[in-house]
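Here is how the chains run, residue by residue.
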Amino acid sequence: MVLIIVIALCLTNLIAFKISGKNKKKRIWAGIIVLLLTPLVFFLTGISVSPFDPGGFGTGMMMLLYSFLFAVNGIIIIIIGLFTKKSLNT
């Protein structure tokens, strides 16, 4: 399960940085979009893990952990975007 979240975070970063390039505004918007997708990650984790956990406690913990890591990832992308030098292509 840890491997799945690492792959998901890496793919998210790869897509965000490929789309934004070196453009400061696009990188900040990519971070905001990642933050806005955090509730979707929360619910998709719950839907996909709940059949394997009849009690529900493990599902809740995984939902909180994965969505927290996804949100922190979005905040880091925004911070990187804020400290990126202005692009020449703007």
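What you are looking at is a predicted structure, and each value in this text was computed from that prediction instead of being measured. (Residues numbered from 1 in each chain as written. Predicted model: local features only at pLDDT ≥ 70, side-chain atom pairs only at ≥ 80, totals over all residues. Heavy atoms only, no water.)

K.L.:
Could you give me a rundown of the overall build of the protein, with the residues and numbers involved?
P.N.:
On a plain count of helices and strands, the protein comes out with 4 helices and 0 strands. Listed by position from the N terminus, the elements making up the protein come as α-α-α-α. The principal-axis extent of the C-alpha atoms belonging to the protein is close to 55 × 15 × 15 Å. Buried residues in the protein amount to 33% of all 90 residues. Partitioning the contacts of the protein with sequence separation of at least 6, the portion at a separation of at least 24 is 74%. (Helix = DSSP H or I, 4+ residues; strand = E, 2+ residues; numbered from the N terminus. Buried < 20%, exposed > 50% of the residue type's maximum accessible area, 1.4 Å probe, protein only. Contact = heavy atoms within 4.5 Å.)

K.L.:
Describe helix H3 (residues 38-49), and please don't skip the residues or the numbers.
P.N.:
Here H3 is 12 residues long and its end C-alpha atoms lie 16 Å apart, about the 16 Å a rise of 1.5 Å per residue gives. When we look at burial in H3, the residues that qualify are Thr38, Val41, Thr45, Gly46 and Val49. Mapping the buried residues of H3 onto a view down its axis gives an arc of 130°, with all of them on the same face. Exposed residues pointing more than 90 degrees away from the buried face of H3 are listed as Phe43 and Ile47. Buried residues in H3 make contact with helix H2 (24-36) and helix H4 (57-82). (Expected span 1.5 Å × (residues − 1). Arc of directions from axis to C-beta.)

K.L.:
Can you lay out the packing of aromatic side chains for me, pointing to particular residues and giving the numbers?
P.N.:
Aromatic ring pairs: the centre-centre distance and the angle between the two ring planes describe each pair. Counted under the stated rule, the structure contains 1 aromatic pair. With centroids separated by 5.3 Å and ring planes inclined at 80°, the aromatic side chains of Phe42 and Phe43 adopt a geometry described as edge-to-face. Residue Phe42 is classed as partly exposed on the basis of its relative accessible area of 24%. Judged by relative accessible area, Phe43 falls into the exposed class, the value being 51%. (Phe/Tyr/Trp six-rings, centres within 6.5 Å; stacked < 30°, edge-to-face > 60°.)

K.L.:
How would you summarise H2 if you had to cite specific residues and measurements?
P.N.:
For H2, which comprises 13 residues, the first-to-last C-alpha distance of 19 Å matches the rise-based estimate of 18 Å (1.5 Å per residue) to within 8%. Those residues of H2 that sit buried are Arg27, Ile28, Ala30, Gly31 and Val34. The buried residues of H2 all sit within an arc of 155° when viewed along its axis, so they share a single face. Turned more than 90 degrees off the buried face of H2, the exposed positions are Lys25, Trp29 and Leu36. Here the buried face of H2 lies against helix H1 (2-20), H3 and H4. The opening residue of H2, the one whose side-chain oxygen lies 3.2 Å from the backbone nitrogen of Lys25, is Asn23. (Polar contact = N/O pair within 3.5 Å; in protein donor to acceptor, adjacent residues only side chain to side chain.)

K.L.:
How would you summarise the side chain of Ser67 if you had to cite specific residues and measurements?
P.N.:
Note on placement: Ser67 falls in helix H4. Looking at Ser67, its side chain comes within polar contact range of the main-chain oxygen of Met63, at 2.7 Å. Sequence-distant contacts of Ser67, defined by excluding residues within four places in its chain, comprise Thr38, Val41 and Phe42.

Without other data, these values stay purely geometric and don't point to any function.
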